[in-house]
Amino acid sequence: MANVDRPNGLKPVRYQNGNPYNGAHNLYFAPTGSTSAIFIGDVVTLTGNQAAAGTNFFGTDVAGMPEVAAFVASDGLPLGVVVGVYPNPDRLGTTHRLASTASIIMVADAPDLIFEVQESTGTAFTATMTGLNADLVVGTGNATTGTSDTELDVSVTPLTTTLTVRLLRLVPRPDNALGANARWEVKFVEHSGISATGI
């Protein structure tokens, strides 16, 4: 049976030691100057800045909260994956962060987290690519569901050199198999929380 094509970004599933993901996250701030929308399942990166004194998000003081932006491989290291966005009272039906809109972002940022993610359309990865490093391709996100369209980029051949994520194994489920739209467990190759160079 063919795999279902249903990209939803990266989903935290467990830690490196085998413990299941428990919902843990930290809070970060996306200021109005950040021009990209941010969806649940998107990867984010630190900007190297923090919210200034007096910065307020609908009654919540966010002064000193580290700022994040949507991850772009050329702009820094991944911090983690978005698992939620604080509701905006002006847009209660919106579950993602709109572009250029101040938001509090909930990020699963443990360096040892393992995520599930779908392959993009193209020539599927093979079993012999297990353990190699792969890249991500960022889609536009789904404004209705608030979920990311980020996928494994099958147009970039997995390598032993540094790319964004390491392919750990095919997700072991009866509805998942090698081939188009396969889902893999991955971890970040580099992470801002443990990199010697910081962000």
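Keep in mind the model is a prediction, meaning the values are calculated, not measured. (Residues numbered from 1 in each chain as written. Predicted model: local features only at pLDDT ≥ 70, side-chain atom pairs only at ≥ 80, totals over all residues. Heavy atoms only, no water.)

Draft legend 1. Region of interest: the overall build of the protein. Scanning the protein from N- to C-terminus turns up 0 helices and 14 strands. When the helices and strands of the protein are read in sequence order from the N terminus, they spell out β-β-β-β-β-β-β-β-β-β-β-β-β-β. Its C-alpha atoms give the protein a radius of gyration of 17 Å, near enough to 16 Å, the size a compact globule of 199 residues would have. Counting only contacts in the protein whose residues sit at least 6 apart along the sequence, the fraction spanning at least 24 positions is 73%. (Helix = DSSP H or I, 4+ residues; strand = E, 2+ residues; numbered from the N terminus. Rg over C-alpha atoms; globule rule 2.2 N^0.38 Å. Contact = heavy atoms within 4.5 Å.)

Draft legend 2. Highlighting the nonpolar core. Ranked by internal contacts, the top residues of the largest apolar core, which has 22 residues, are Leu10, Phe125, Leu152, Leu167 and Val186. Contributing elements (two or more residues each) for this core: β9 (113–118), β13 (165–170) and β14 (183–188). Each residue touching phenylalanine 125, except ones within four places of it in the same chain, is listed here: Glu119, Ala134, Leu152, Asp153, Val154, Val156, Pro158, Leu167, Leu178 and Trp184. (Core = buried A, V, L, I, M, F, W, Y, C linked by side-chain atoms within 4.5 Å. Buried < 20%, exposed > 50% of the residue type's maximum accessible area, 1.4 Å probe, protein only.)

Draft legend 3. View of the side chain of glutamate 151. On the secondary structure map, glutamate 151 appears in strand β12 (residues 151–152). One buried charged side chain, glutamate 151, makes no salt bridge at all; its nearest oppositely charged neighbour is arginine 183, positioned 7.2 Å away. What glutamate 151 contacts, discounting residues up to four positions off in sequence, is Asp5, Pro7, Val117, Gln118, Glu119, Ser120, Asp135, Leu136 and Val137. (Lys, Arg positive; Asp, Glu negative; His and termini not counted. Salt bridge = Lys/Arg side-chain N within 4 Å of Asp/Glu carboxyl O.)

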